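# Structural characterization, general
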Amino acid sequence: TMNRNDAYTFLQSGRNLERADMTSRIVDVRSAQLLPADTPELRPFDTVQWMSVLKSLSGYQMYRLRMRGRVRRADVMQFLLRDDQFPRACGFCINQIRDALRGLPRSAEVLALLEGAQRFLGEANLETLGQAGLHELVDRLQLEIQGIHDGIAQSYFPSRDGANGPLLVTRARELARGALERYTRLPNYCNNWRSLGFSEDAIATMSDRLVDAIFVW
């Protein structure tokens, strides 16, 4: 029921940016706990562990539908990092941000950053990537995601030190509060914000801190 306006665009972009960030972190952390490559006698258990990685992202069933084969390390990384259909895949999230921002003015710089991130993922050789290489890839991907975040902030939420900065920040927060207001009446959202350390007053008044934490900034 939310209007599909600029506030919605930024809300969706923030969600997808966070999803891409969290998926990359989960792949990095969970894969570090897998069996080392120099233990061939334990290789049968490798599939079970990669299944666990997929399930931690609610992606096991979708992986089977998409890949139509057994669970393999390279295929799992392909699915979680590059897939354009699974909602938690980094590639899907980046595409969603790109599609959303295309309808906004001053988006050329951010769109170039998004294309660069997709190109980086597409050029990675996942078949031969070891654990050290995967960690390095995720580190680089984290920098790409941070660059996208910074690009959005600079294009649409200029520094408060700029001549028009305070006015733009105030207007951006007004739009954000308009989108956020209905969620402050939903107990599950409020409980989640409380668990993150936001006070009752911050939730009720939709404080600057709450708005800045939820929306791309």
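The structure displayed is predicted, hence computed values, not measured ones.

## Some points on the environment of Leu175
Here Leu175 lies in helix 8 (residues 165-180). A C-alpha to C-alpha distance of 9.3 Å links Leu175 and Asn5, two positions 170 residues apart in sequence.

## Let's talk about the nonpolar core
Of all hydrophobic cores here, the largest spans 44 residues; its most connected members are Leu54, Leu80, Leu81, Leu101, Leu114, Leu137 and Ile152. Among the elements of the structure, helix 1 (6-32), helix 2 (44-56), helix 3 (60-67), helix 4 (73-82), helix 5 (90-101), helix 6 (108-123) and helix 7 (131-156) are those that each provide at least two residues to this core. Looking at this core element by element, the count peaks at 8 residues for helix 7. Core analysis: the second largest hydrophobic core is formed by 16 residues, Met2, Trp193, Met206 and Val211 among them.

## Let's talk about the side chain of Arg173
For Arg173, the location among the structural elements is in helix 8. Under the relative-accessibility criterion, Arg173 is labelled buried at 12%. In this structure the side chain of Arg173 is engaged in a polar contact, spanning 2.7 Å, whose partner is the side chain of Asp212.

## A look at the packing of helix 3 against helix 4
With their axes 11 Å apart at the nearest point, helix 3 and helix 4 run at an angle of 105° to one another. As summarised for this structure, helix 3 and helix 4 are arranged roughly perpendicular, according to the angle between their axes. Of the residues in helix 4, those in contact with Met62, Tyr63, Arg66 and Met67 of helix 3 are Asp75, Val76, Gln78 and Phe79. Tallied by class, residues from the contact of helix 3 with helix 4 come to 5 nonpolar, 1 polar and 2 charged.

## Describing the environment of Ala202
Topologically, Ala202 is positioned in helix 10 (residues 200-205). Look at Ala202 and you get buried, because its relative accessible area is 9%. Contact partners of Ala202, with chain neighbours within four places excluded, come to Ser207 and Leu210.

## Brief notes about the packing of aromatic side chains
Inspection of the entire model under this criterion finds 6 aromatic pairs. Each ring, one from Phe79 and one from Phe86, has its centre 4.8 Å from the other, and the planes form 25°; the classification is stacked. Exposure class is identical for Phe79 and Phe86. Each is buried. Among the aromatic residues, those joined into a cluster by ring pairs are Phe10, Tyr156 and Phe157. Its end group placed over the ring of Tyr8, Arg4 keeps NZ or CZ at 4.2 Å from the ring centre. Its end group placed over the ring of Tyr183, Arg182 keeps NZ or CZ at 5.0 Å from the ring centre.

Conventions adopted
Residues numbered from 1 in each chain as written. Predicted model: local features only at pLDDT ≥ 70, side-chain atom pairs only at ≥ 80, totals over all residues. Heavy atoms only, no water. Helix = DSSP H or I, 4+ residues; strand = E, 2+ residues; numbered from the N terminus. Core = buried A, V, L, I, M, F, W, Y, C linked by side-chain atoms within 4.5 Å. Buried < 20%, exposed > 50% of the residue type's maximum accessible area, 1.4 Å probe, protein only. Polar contact = N/O pair within 3.5 Å; in protein donor to acceptor, adjacent residues only side chain to side chain. Axes fitted to C-alpha atoms, helices over the stretch in contact; angles between N-to-C directions. Parallel < 35°, antiparallel > 145°, perpendicular 65-115°, else oblique. Contact = heavy atoms within 4.5 Å. Nonpolar A, V, L, I, M, F, W, Y, C, P; charged D, E, K, R; others polar. Phe/Tyr/Trp six-rings, centres within 6.5 Å; stacked < 30°, edge-to-face > 60°. Lys NZ or Arg CZ within 6 Å of the ring centre and 35° of its normal.

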